[in-house]
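# Structural overview for review
Listed below, chain by chain, are the residues.
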Amino acid sequence: MPLTDRIYERLAQNMSDLVALHSVDGRYLWVSSSAERILGFMPEELVGTDPYELFHPDDVKVIRSKSHQPAATGDGNNRIRYRIRRAAGDYIWFETLTQPIENSDGEVIELQTISRDVTEQVGLENELAASEALYRVAMDSLEEGVVVHDDTGKIIAHNPRATEILGLNDDELAGRVPRDPHWSSVYPNGAPFPAEAHPAMVTLRSGEPCSKVLMGVHNPRWNAYRWISINSRLVQTGRCAVFGQARVVVSFNDVTEQIERENQLRRWSTVYRFSGEAIVIADEKGVIRDVNESFLRIIQNNRAAWVGRSLDEISLDSRSEGLFASTIWPALKANGNWRGELWLRDAEGGIQATWAAITRMHQTTTSEAHYTLILSDFSERGMKDETLRFHAGNDSLTRLPNRLLLSDRFEVALNTSIRQGTTFACLYLDLDRFKPINDLYGHAVGDIVLQVVAEKVSGIVRSMDTIARIGGDEFFGLVVGLEQKSEYLAVAERIAKAISEPLEVHGHNINLGVSIGIALYPDHGQTQKSLMAASDAAMFLAKRQGLSVVLAGSPEIEDHKKN
């Protein structure tokens, strides 16, 4: 045997892997001594035998097609895993590299294999795969949304619930990062939620978990924000194939319904507190738990004097004596409601005639059974006609003139200008960034914002001018008696500046803007309809161009009308 061949043989005998030479048809020509340790066969037992007799029957086909045949035709570096039977009769997993050996003419004359026992590794991989499958089943069954981020913040795994909550499909969610510009997230106060403040990024930087972080997320498919409560936790490095790249696991719940319910409760609380009707809340036993300010005004007493007393004690006058026992309680038991006249005696001995409506509210999963008593003060009926007249011409929320009264004021301004040869200005105001306020904080906060805006604008114009509310967040102004166009523009600019000043309502920081369109009589119209249309067109141009004030008659407006 040449010296070179003896060196190669010695190297092969000293390798821990099993090294073998095969004929082109696969039979063993030479086998290293490690065969005894790995397979339990002496090398000479294997020489001349066909290894296919040792292969697991289920693996024969793949061995022949993926390793043996390619190597026999000169294709090298064929690596494959399969099962082989040991002398003891059990099977182990082999990972084998097969290389062709060619003569000087390039013909394959032998095959060389180097095989390693990977039974333990395959077992571990199978165990990890089963564990990973268990993790995935657990994730998929969770009511929470779950996303897994790698060390760059990219989402590498998620469960179906996450796509449902966020309104995204699998392709839209996979690979996203918190800094993705397609995300549109806000804090509860409406301020943008920066990527670096996302719980996943905070946990990546600090290693510390985040808990119950409230975030509003927006999707183009929705018309409002959806609120989620987020938790994040660092993942300890593990051996799981998929989760091996995981650094942070984020879970979140959809709490939109809860937030909306809380907002609704706040709105009802505002209605309850400030209602012109007296309201009394009692528990299922008829014990008074709360009264509103209107009740205290009618009864001329303080809250502490009534909380804890029985509904029966509401009617202390002899004209209503025994009414609860004889009529009211039986009616509530039978029908759930009662309406009628109640005579009350206030703290100073005075008598109050009221019209009462009592309703029994049945117990639900979220509330206990209770009674609601609403009282209308008869003594105030003399004021009703005046109140009705006011509300006929004024907006009930801001107390500004409404469209009906505005139309009357318009006719006065128009007739005065025609008679005196003067001018006046029409200001069409549309608030910017108002709708998200209702979506984020509820209509109670939005109502207060509108009231504040009304006060600001009313404080800028004079008593001879008119500011009316004509829609949800739309106002209209008539400014009269000024001589120069610049004076009217200055009034509009002062209004825009006042509205853009930050507000704080119930702890929320509010930032509004306004788009104002101005039309002048007679330059831009000579009727109420034409002047309102001209100022409306100017307002739309201001909004489109991001301006606060635009005067009608500009070329852009004319082009807009044509289109």
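Below is a summary of the structure that appears in this document. (Residues numbered from 1 in each chain as written. Predicted model: local features only at pLDDT ≥ 70, side-chain atom pairs only at ≥ 80, totals over all residues. Heavy atoms only, no water.)

This part covers empty space enclosed by the protein. All told, the structure shown has two cavities of 30 Å³ or more when counted by the stated rule. Of the voids in this model, the largest cavity is the one considered here, and its volume is about 230 Å³. His22, Pro51, Phe55, Thr98 and Thr113 are, among the 20 residues lining the largest cavity, the residues nearest its centre. Mapped onto the lining of the largest cavity, the elements with two or more residues apiece are β1 (18-22), α4 (60-72), β3 (78-85), β4 (91-102) and β5 (108-117). When grouped by side-chain class, the residues that make up the lining of the largest cavity number 12 nonpolar, eight polar and no charged. (1 Å grid on protein atoms, 1.4 Å probe; cavity = no way out; pocket = protein on both sides within 12 Å on 5 of 7 lines; lining within 4 Å. Points joined across faces, edges and corners; volume = space filled by probe spheres on them. Helix = DSSP H or I, 4+ residues; strand = E, 2+ residues; numbered from the N terminus. Nonpolar A, V, L, I, M, F, W, Y, C, P; charged D, E, K, R; others polar.)

Quick look at the sheet that holds β3 now. Ordered in space as β2-β1-β5-β4-β3, the five strands form an open sheet in which the pairing is antiparallel. Of all the strands in the sheet, the pair left with one neighbour each is β2 (28-31) and β3. Sheet twist, expressed as the mean angle between neighbouring strand axes with direction ignored, is 30°. When β1 meets β5, the two strands line up antiparallel, connected through five bridges. Considered in β5, the bridge of His22 is made with Leu111. Lying over the sheet, α4 contacts β3, β4 and β5, oriented at roughly 130° with respect to β3. (Pairing = 2+ DSSP bridges. Axes fitted to C-alpha atoms, helices over the stretch in contact; angles between N-to-C directions. Contact = heavy atoms within 4.5 Å.)

Our next topic: the nonpolar core. Core analysis: the biggest nonpolar cluster contains 40 residues, and Leu427, Val449, Ile495, Ile499, Leu512, Ile516 and Ile518 have the highest contact counts within it. Elements with a minimum of two residues in this core: β17 (424-432), α14 (435-441), α15 (443-460), β19 (474-480), α16 (485-500), β20 (503-505), β22 (513-521) and β23 (549-551). Residues in contact with Ile518, not counting those within four places in the same chain, are Ala425, Cys426, Leu427, Tyr488, Leu489, Ala492, Ser535, Ala538, Val549, Val550, Leu551 and Ala552. (Core = buried A, V, L, I, M, F, W, Y, C linked by side-chain atoms within 4.5 Å. Buried < 20%, exposed > 50% of the residue type's maximum accessible area, 1.4 Å probe, protein only.)

The contact between α15 and α16 brings their axes to 10 Å, and the two run at 150°. Considering their axes alone, α15 and α16 lie roughly antiparallel with respect to each other. Between α15 and α16 lies a crossing whose hand is right-handed. Of α16, the residues touching α15 (which contributes Val453, Lys456, Val457 and Ile460) are Val491, Arg494, Ile495, Ala498 and Ile499. Class assignment for the residues of the contact of α15 with α16 results in seven nonpolar, no polar and two charged. (Parallel < 35°, antiparallel > 145°, perpendicular 65-115°, else oblique. Left-handed = near helix turned anticlockwise from the far one by under 90°.)

Now for α4. Those residues of α4 not exposed but buried are Ile63, Ser67, His68, Pro70 and Ala71. Considering only its buried residues, α4 is in contact with β3, β4 and β5. Downstream of α4 by a residue or two, Gly74 has a phi angle that is positive, lying close to 100°.

This paragraph deals with α16. Between its first and last C-alpha, α16 extends 23 Å over 16 residues, near the 22 Å set by a 1.5 Å rise per residue. Within α16 the residues assigned to the buried category are Tyr488, Val491, Ala492, Ile495, Ala496, Ala498 and Ile499. All buried residues of α16 fall inside an arc of 165° around its axis, so they share one side. Buried positions along α16 lie against β17, α15, β19, β22 and β23. (Expected span 1.5 Å × (residues − 1). Arc of directions from axis to C-beta.)

So, about the packing of helix α13 (residues 403-420) against helix α17 (residues 528-545). A pair of packed helices is characterised by two quantities: the angle between their axes and the separation of those axes. It is the contact of α13 with α17, at a shortest axis distance of 11 Å, that shows an interaxial angle of 110°. One finds that α13 runs roughly perpendicular with respect to α17. Once α13 is placed against α17, the crossing between them reads as right-handed. Contacts from Arg403, Ser407, Phe410 and Glu411 of α13 reach α17 at Gln528, Leu531 and Met532. Of the residues belonging to the contact of α13 with α17, the class tally is three nonpolar, two polar and two charged.

Once that is clear, we can look at the pairing of β5. Sheet topology note: the β4/β5 ladder contains nine bridges and is antiparallel. What sits directly across from Glu95, in β5, is Arg116. Hairpin connection from β4 to β5: five residues lie between these consecutive antiparallel strands, with Gly106 at a positive phi of about 85°.

What follows is about the environment of Val255. Relative to the helices and strands, Val255 is located in the loop between β11 (248-254) and α9 (256-274). Exposure remark for Val255: the relative accessible area of 12% places this residue in the buried category. Expressed as a C-alpha distance, the spacing of Val255 and Ser229, which sit 26 residues apart in the sequence, is 6.5 Å. In this structure Val255 touches Leu214, Trp227, Ile228 and Ser229, once residues within four positions along its chain are discounted.

For the rest of this paragraph, the subject is the pattern of salt bridges. Counted according to the given criterion, the structure contains 16 salt bridges. Of the charged contacts in the structure, one is a salt bridge between Arg303 and Glu293, with a shortest N-O distance of 3.5 Å. In this pair, Arg303 sits in the loop between α10 (293-299) and α11 (323-335) while Glu293 sits in helix α10, placing the two residues 10 residues apart along the sequence. A relative accessible area of 31% means that Arg303 is categorised as partly exposed. A salt bridge links Arg462 to Asp465; the shortest N-O distance between them is 2.9 Å. (Salt bridge = Lys/Arg side-chain N within 4 Å of Asp/Glu carboxyl O.)

Let us look at the packing of aromatic side chains. If you walk through the whole model with that rule in mind, you get 11 aromatic pairs. With a centroid separation of 5.4 Å and an interplanar angle of 75°, the aromatic rings of Trp329 and Tyr371 are classed as edge-to-face. Note that Trp329 is positioned in helix α11 and Tyr371 in strand β16 (residues 370-377), a separation of 42 residues in sequence. Put simply, the rings of Phe410, Phe424, Tyr428, Phe476 and Tyr521 pair up and form one aromatic cluster. The positively charged end of Arg64 is found above the aromatic ring belonging to Tyr52, 4.1 Å away from the centroid. The ring of Trp306 has Arg309 sitting right over it, with the charged end atom 4.1 Å from the ring centre. (Phe/Tyr/Trp six-rings, centres within 6.5 Å; stacked < 30°, edge-to-face > 60°. Lys NZ or Arg CZ within 6 Å of the ring centre and 35° of its normal.)

In spatial order, the strands read β7-β6-β11-β10-β9-β8; together these six strands make up an open sheet with antiparallel pairing. A single partner strand is all that each edge strand has here, and the edge strands are β7 (155-158) and β8 (185-186). For strand β6 (residues 145-149) and β11, the ladder comprises five bridges, and the chain directions are antiparallel. What sits directly across from Val147, in β11, is Val250. Sheet strands touched by helix α8 (residues 199-206): β6, β9 (210-217), β10 (226-234) and β11. Its angle to β10, the strand with the most contacts, is close to 15°.

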